[in-house]
Amino acid sequence: RSLGLPCPPAFVLPTRVCTDYHSAGRVLPPGAEDALRRGIAHLESETGRRFGGGDDPLLVSVRSGAPVSMPGMMDTVLNLGFNEQVEQALARRSGDAGYAADTHRRFLAGFAHIVLKVRPDDDSSPAAIMDQVLQATGRTVPVDPWEQLREAMLAVLESWHSRRATVYR
């Protein structure tokens, strides 16, 4: 912002959340989920949008960071908060149902790959991706935005130990 460039609002959980998570045997440290809720409330306040719903939905990304530079080594999940109601709202707001469906499809494919470790067909419809995930895992991508956010955060924390991040370090 100091350079006059547009910068969307954001919040950050400190890297110690990752350290504490792994030190505690892959258990979220106290206060991490409360910090997520406060962060989302801040984004809603700053943008006037609502996470996971409403006429003007807020979509968020979970991105990793590290105390040392590791560009591209840890995972990112985009467009969290997406579900069928959000697709409909985005179609109304944008006037482009195809764009809304494609955004939904890309969210589902990314979530399936990063969080659920399923690589669906790239050009499948949202319904087909959900079916592929169900067939592969016995479950579906959560429709609840808070569950999406929690699972994505855990997947990004787990990516600290991914093969590529470990090799890079």
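Residues numbered from 1 in each chain as written. Predicted model: local features only at pLDDT ≥ 70, side-chain atom pairs only at ≥ 80, totals over all residues. Heavy atoms only, no water.

Regarding the pattern of salt bridges
For the structure shown, the criterion picks out eight salt bridges. Overlapping salt bridges, with partners in common, bring together Arg 49, Asp 56 and Arg 93 in one network. (Salt bridge = Lys/Arg side-chain N within 4 Å of Asp/Glu carboxyl O.)

What to know about helix H5 (residues 126–137)
The terminal C-alpha atoms of H5, which comprises 12 residues, lie 16 Å apart, in line with the 16 Å expected from a rise of 1.5 Å per residue. Those residues of H5 that fall on the buried side of the exposure criterion are Pro 126, Ile 129 and Val 133. Mapping the buried residues of H5 onto a view down its axis gives an arc of 60°, with all of them on the same face. Those residues of H5 that are exposed and aimed more than 90 degrees away from the buried face are Ala 127 and Gln 135. Just downstream of H5 lies Gly 138, where phi reads positive at about 80°. (Helix = DSSP H or I, 4+ residues; strand = E, 2+ residues; numbered from the N terminus. Expected span 1.5 Å × (residues − 1). Buried < 20%, exposed > 50% of the residue type's maximum accessible area, 1.4 Å probe, protein only. Arc of directions from axis to C-beta.)

Comments concerning the packing of helix H4 (residues 97–114) against helix H6 (residues 145–158)
Where H4 meets H6, the closest approach of the two axes is 10 Å, and the angle between their N-to-C directions is 45°. Regarding the angle of H4 to H6, the classification is oblique. As for the relative orientation of H4 and H6, their crossing is left-handed in sense. Each of Phe 107, Phe 111 and Ile 114 in H4 lies in contact with H6, whose residues at this interface are Gln 148, Glu 151, Ala 152 and Ala 155. Per-class residue counts for the contact of H4 with H6 are five nonpolar, one polar and one charged. (Axes fitted to C-alpha atoms, helices over the stretch in contact; angles between N-to-C directions. Parallel < 35°, antiparallel > 145°, perpendicular 65-115°, else oblique. Left-handed = near helix turned anticlockwise from the far one by under 90°. Contact = heavy atoms within 4.5 Å. Nonpolar A, V, L, I, M, F, W, Y, C, P; charged D, E, K, R; others polar.)

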